[in-house]
Amino acid sequence: MHKTTIGGQSILEGIMMKGPRKRCTVIRKPDGTMAIHDEVSTPLKEKYPIAGIPVIRGFVVMVQSLIEGFQAIEYSAQFLEEDDDEQPSKFEQWLMDKVGEGAIESALYLISIVLGIGLAVGLFILLPALAASFLPDTIPHLGVNLLEGVLRILIFIGYMALMGCIPDMRRTFRYHGAEHKTIYCYEKGLELTTEHVRIQPREHPRCGTSFLFVVMIISILVFSIVTAESRLIQLVLRIVLLPVVIGLSYELNRFAGRHDNILTAILRWPGMMLQRITVLEPDDSMIEVAIVSLQHVIPEDRQEDKW
């Protein structure tokens, strides 16, 4: 089977696929038609060689994926149904007159990225660390860190489960399923049709959800090795070492994705189980969106997108 580096992100009523040289966002509009947005995507390692160094490249890919994800969400937002009669408030109008609408949108875009990253760090890194700091000092550091890691995983699973209770997020999770099934169909060399895609598995070993779960596991190991007596310094270390944790997780995920044996099956299993929460069964209209998005990023040379 051809293992591809092509991956995607599901967004509200659409999918963004990224290939070696192209990025395509496809949105299902309220009238049932599709909006298609193509972009050239040059690998950062070609511009900045340091971005291709193992471990460093993992953090670079993570940051780039976050930025591209926000851009795809911003693109999809313009097709959501809105009240055309809604007028800006006096303060909003004054702000647009003084600063400019474009500057406001850029500022809000930057704020949304900062808040998104801050929420993730606070919820999944700092909150478990803060909770673990109340444990008795008699518990060994390794035990405290293990309990902190378990709490981090439980918070992550609970957060994903709660997101799945929101109707719009459930639809996004269904588009996630369409993305996986379509990539599976492409990797098996089958024609990209709704019939072929529909019968493919939902869970995919190289999914971003699995990657995030690996980040949780690697954080337990890294935070156990590097420690400090001060609780405050420990919290700071959690943030400082986050790029290292992400980079190591990326390399482990690449290894597990490239090999098929008992060891990699064990490494992939927790993430595959977690995908049962975040990857749901799509309908045919969602599959059609995924197919169009994937078709726009497939390179002429299939070796170029080889995992």
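Residues numbered from 1 in each chain as written. Predicted model: local features only at pLDDT ≥ 70, side-chain atom pairs only at ≥ 80, totals over all residues. Heavy atoms only, no water.

J.: Just checking my understanding: could you explain unusual backbone geometry for this structure?
T.: What is expected of a backbone is that most residues other than glycine have negative phi and most peptide bonds are trans. For Glu13, which is not glycine, the phi torsion reads 60° and is therefore positive. Looking at the secondary structure, you find Glu13 in the loop between strand S1 (7-11) and strand S2 (14-18). Residue Glu13 is classed as buried on the basis of its relative accessible area, which comes to 17%. With a phi close to 75°, Val55 is a non-glycine residue in the positive phi region. Inspection of the secondary structure assignment puts Val55 in the loop between helix H1 (44-47) and helix H2 (56-77). Here Val55 falls in the partly exposed class, since its relative accessible area comes to 28%. (Helix = DSSP H or I, 4+ residues; strand = E, 2+ residues; numbered from the N terminus. Buried < 20%, exposed > 50% of the residue type's maximum accessible area, 1.4 Å probe, protein only.)

J.: Sorry if this is basic, but what is going on with a nonpolar patch on the surface here?
T.: On the surface, Tyr48, Ile50, Ile53 and Ile56 cluster together to form a nonpolar patch covering roughly 380 Å² of accessible area. Structurally, Ile56 is set in helix H2. (Patch = residues over 30% accessible without salt bridge, like charges linked within 9 Å, V, L, I, M, F, W, Y side chains within 5 Å. Areas by Shrake-Rupley, 256 points an atom, 1.4 Å probe, with all protein chains shown as cover. Salt bridge = Lys/Arg side-chain N within 4 Å of Asp/Glu carboxyl O.)

J.: Is there a simple way to explain the pairing of strand S3 (residues 22-28) in this structure?
T.: The side chains of a regular strand alternate, residue by residue, between the two faces of the sheet. Counting buried positions over the 7 residues of S3 gives 6, a clear majority of the element. Taken together, the 5 bridges between S2 and S3 define a ladder with antiparallel strand orientation. Paired with Ile15 across the bridge in S3 is Val26. Connecting S2 to the antiparallel partner S3 that follows it, the hairpin turn spans 3 residues. As paired elements, S3 and strand S4 (residues 34-40) share 7 bridges and run antiparallel to each other. Looking at the pairing, Thr25 lines up with His37 of S4. Between S3 and S4, which pair antiparallel one after the other, the connecting turn spans 5 residues, and Gly32 there sits at a positive phi close to 95°. (Pairing = 2+ DSSP bridges.)

J.: What should I look at first to understand the sheet that holds S1 in this one?
T.: Within a beta sheet, neighbouring strands are joined by backbone hydrogen bonds and run either parallel or antiparallel to one another. Across the sheet, 4 strands lie side by side as S1-S2-S3-S4; this open sheet has antiparallel pairing. Because the sheet does not close on itself, it has two edges, and the strands there are S1 and S4. Going across the sheet, the axis of each strand differs from the next one's by a mean of 15°, ignoring polarity. Sheet contacts for H2: S1, S2, S3 and S4; angle to S3, the most-contacted strand, approximately 35°. On the sheet, helix H6 (residues 167-187) packs against S1, S2 and S3 and is oriented at approximately 160° with respect to S1. (Axes fitted to C-alpha atoms, helices over the stretch in contact; angles between N-to-C directions. Contact = heavy atoms within 4.5 Å.)

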